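A structural walkthrough
Here's the letter readout for the chains.
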Amino acid sequence: MAMFAILVLMGLMFPPEVHGVDLEITSFVSNPESPVKDKEGTAENVTLQCQVNLPSTNLTSVTISYPNGVMTNATTTTTPPSPALYEITLSDVHPSNTGNYTCTASASTGSVPTTSQTYQLNVDIDECDSSTCGSNCDTCHTDANCTNTIGSYTCACNAGYNGDGVTCQDIDECDSSTCGSNCDTCHTDATCTNTIGSYTCACNAGYSGNGITCQDINECDPSCSTNCDTCDTDATCTNTIGSYTCACNAGYSGNGVTCQDIDECDSSTCGSNCDTCHTDATCTNTMGSYTCACNAGYSGNGVTCQGNHNPITVSLNS
Ligand SMILES: [Ca+2]
Ligand SMILES: [Ca+2]
Ligand SMILES: [Ca+2]
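Residues numbered from 1 in each chain as written. Chains lettered and ligands numbered in written order. Predicted model: local features only at pLDDT ≥ 70, side-chain atom pairs only at ≥ 80, totals over all residues.

1. Concerning the overall build of the protein
This is how it is decided: Segments assigned H or I by DSSP are reported as helices when at least four residues long, segments assigned E as strands when at least two residues long, and all are numbered from the N terminus. Working definition of burial: number of other C-beta atoms within 10 Å of the residue's own, with buried at 20 or more, exposed at 12 or fewer, and partly exposed in between, all C-beta atoms being placed from the backbone.
Within the protein, the secondary structure is distributed over 1 helix and 26 strands. Dimensions along the principal axes, computed over C-alpha positions, put the protein at roughly 185 × 45 × 35 Å. Going through the 318 residues of the protein one by one, you find that 24% of them count as buried.

Rendered as structure tokens:
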């Protein structure tokens with residue numbers, strides 16, 4: 001037991017020589033990992049960690065150089081004979097800390113006495129995050145979307161807007177001369193109305209639908225419930241694409257919306273619609289028509305009437 005303790009003590013005091021193992025940097029990373037977010041009002045510290053494959057007792061130095069070339073000695077807390085992990089800490093990093101850091105290790109023995117490895121550290125401000133960007137916030141337009149990038153950010157106008165993202169203008173989707181690839185999809189029988197950021201479509205009068213699809217309304221259909229015809233009850237409605245027409249029925253005059261009975265018996269007003277009663281008949285006006293009745297002493301249907309007297313024989317002889 002005493003001998004074992006002595007051997008352990010000797011092992012700590014005189015670490016075994018590493019023979020035939022070349023010096024190697026097995027990893028060089030940051031904690032936290034790059035990219036590191038720089039939040040205004042918060043001090044973000046970054047530790048650069050350089051892992052070598054040999055214990056510190058086999059090394060003469062491990063340095064880390066900054067992007068500007070300044071070199072500093074890294075320190076280790078790893079106990080030999082474990083391979084040594086060397087570190088430096090960057091306090092309160094900012095985007096200016098972005099760049100390539102190089103870890104260089106030098107060994108006291110071995111066929112590879114010196115080796116190095118480079119690490120790209122990125123420190124980024126999220127200009128799109130209004131809760132952390134502080135005085136570095138984006139300048140995107142209200143109607144644009146901000147996208148953070150490492151070292152910068154981009155602005156893109158929202159759908160319905162044109163522009164470079166810093167300035168955005170509403171697209172008039174209804175103006176075919178300017179809408180380009182953003183024109184409206186309203187139906188041919190609809191009216192487009194531009195709105196800020198979008199547009200609306202409404203079917204024209206005489207059509208029903210959502211504006212993207214529109215169908216003719218049959219105003220004459222007895223089952224019509226809205227936008228139905230206004231023809232007079234004595235008129236005939238005829239559906240047309242997008243509208244309808246009203247025509248007064250036979251025996252009536254007017255524009256179809258209002259129709260008046262024609263008095264076919266009144267020769268002063270009947271015009272081209274006068275009765276065809278026989279001379280020896282009496283005309284009686286009716287709604288939409290008229291009747292003819294042969295006068296007393298005559299028989300017939302009123303259109304033709306014959307006298308009911310005995311034939312008179314006239315002698316032509318003198
Ligand atoms: Ca950024
Ligand atoms: Ca618009
Ligand atoms: Ca009449």
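2. Regarding the nonpolar core
Heads up, the rule is: We define a nonpolar core as a collection of buried residues of the types Ala, Val, Leu, Ile, Met, Phe, Trp, Tyr and Cys that are connected via C-beta atoms lying within 7 Å of each other. Throughout, a pair of residues is in contact if the C-beta atoms placed from their backbones lie within 7 Å.
The biggest cluster of nonpolar side chains holds 19 residues, and the ones touching the most others in it are Cys 50, Val 52, Val 62, Ile 64, Tyr 86, Cys 103 and Ala 105. Within the residue set of this core, elements represented by two or more residues are strand S3 (46–52), strand S4 (59–65) and strand S8 (99–107). Setting aside residues no more than four positions away along its own chain, Tyr 86 makes contact with Cys 50, Val 52, Val 62, Ala 74, Thr 75 and Thr 76.

3. As for unusual backbone geometry
Comment: phi is negative for the bulk of residues other than glycine, and the bulk of peptide bonds are trans. Cis geometry is adopted by the peptide bond preceding Pro 32, which originates at Asn 31 and carries an omega value of 0 degrees. Mapping Pro 32 onto the fold places it in the loop between strand S1 (25–31) and strand S2 (36–37). Look at the link from Pro 80 to Pro 81: it is a cis peptide, with omega at 10 degrees. The topology assignment puts Pro 81 in the loop between strand S6 (75–76) and strand S7 (85–90). In this structure, Asp 92 is a non-glycine residue whose phi angle is positive, near 50 degrees. Secondary-structure assignment places Asp 92 in the loop between S7 and S8. Taking the C-beta count within 10 Å as the criterion, Asp 92 has 11 such neighbours and is therefore assigned exposed.

4. Considering the pairing of S3
Just so we agree on the cut-off: The rule for pairing is simple: two strands pair if DSSP sees at least two bridges between them.
In terms of burial, S3 is a largely internal element, 5 of the 7 residues being buried. Direction of pairing for S1 relative to S3: antiparallel, over a ladder of 6 bridges. By the bridge assignment, Asn 31 is partnered in S3 with Thr 47. As defined by bridge partners, S3 adjoins S7 across 6 bridges and the pair is classed as antiparallel. In the sheet register, Gln 49 faces S7, and the bridge partner there is Glu 87.

5. Focus: the sheet that holds S4
Heads up, the rule is: Structural elements are reduced to axes, namely lines fitted to C-alpha atoms, with helices fitted over the stretch in contact, and the angle between N-to-C directions of any two is expressed from 0 to 180 degrees.
Reading across from one edge, S5-S4-S8-S9 is the order of the 4 strands in this open sheet, with antiparallel pairing throughout. Here the strands that pair on one side only, and so sit at the sheet edges, are strand S5 (71–73) and strand S9 (114–121). Taken pair by pair, the neighbouring strands of this sheet meet at an average axis angle of 25 degrees, ignoring direction. Relative to S8, S4 runs antiparallel, the two sharing 6 bridges. Opposite Ser 65, over in S8, you have Thr 102 as the bridge partner.

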